[in-house]
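# Structural overview for review
For reference, the chains in residue letters:
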Amino acid sequence: MNIGLIAHDAKKKLMQNFCIAYRGILSKNELYATGTTGRLIEEVANLNVHKYLAGPLGGGQQLAAQIEHDDIDLVIFLRDPLNPKEHEPDVNNVVRLCDTYNIPLATNLATAELLIKSLDRGDLEWREVFR
């Protein structure tokens, strides 16, 4: 499965820890991330990540395009709801597209853990049939 990973600056360390904790599951899948987040994940979790541009430079738009083309099966987007970003429209677009195209989306750690455990159990295999 193709997994999109995004983390706002205040959540990047949390994303790194999440990827370390679930490295075994994540390593069985294709990972796509905005530039800085992807680099930080690779550094600590020893995972291969296809990296887009940094979020403010269009990485969110690149992920959105993959979602529109049904090339992403699950998105983990650790957002910082207390500090809006200058590229907030791109961020909101990713959320909107996940809703539009029925892509499972986690925006916090609790939901991310539920989705990653569901992925490991095979609960998301319907995405393969859906394509």
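Structural data are supplied above this passage.
The present account deals with the structure reproduced in this document. Please read these numbers as outputs of a predicted model, since none were measured by experiment.

### Overview of the nonpolar core
Ranked by size, the top nonpolar core spans 25 residues in total, and within it Leu 5, Met 15, Cys 19 and Ile 76 carry the most contacts. Every element with two or more residues in this core is listed here: strand E1 (2–7), helix H1 (12–21), helix H2 (23–26), strand E2 (30–33), helix H3 (35–45), strand E4 (74–78) and helix H6 (109–121). Looking at this core element by element, the count peaks at 4 residues for H6. Ile 76 has contacts with Gly 4, Leu 5, Ile 6, Met 15, Phe 18, Ala 106, Ala 112 and Ile 116, leaving out every residue within four places of it along the chain. Counting 15 residues, the second-largest nonpolar core is a separate cluster that includes Tyr 32, Ile 67, Phe 77 and Val 95.

### With respect to the pairing of E4
The element E4 is largely enclosed, with a buried count of 5 among its 5 residues. Because side chains alternate across E4, one face comprises the buried residues Leu 74, Ile 76 and Leu 78, and the other comprises Val 75 and Phe 77, equally buried. Where E1 lies against E4, 5 bridges are found, and the strand directions are parallel. Counted as the bridge partner of Ile 6 is Phe 77 from E4. Judged from the 2 bridges that link them, E4 and strand E5 (residues 105–106) form a sheet pairing that is parallel. Following the sheet pairing, Val 75 is matched in E5 by Leu 105.

So, how was this worked out
- Residues numbered from 1 in each chain as written.
- Predicted model: local features only at pLDDT ≥ 70, side-chain atom pairs only at ≥ 80, totals over all residues.
- Heavy atoms only, no water.
- Core = buried A, V, L, I, M, F, W, Y, C linked by side-chain atoms within 4.5 Å.
- Buried < 20%, exposed > 50% of the residue type's maximum accessible area, 1.4 Å probe, protein only.
- Helix = DSSP H or I, 4+ residues; strand = E, 2+ residues; numbered from the N terminus.
- Contact = heavy atoms within 4.5 Å.
- Pairing = 2+ DSSP bridges.

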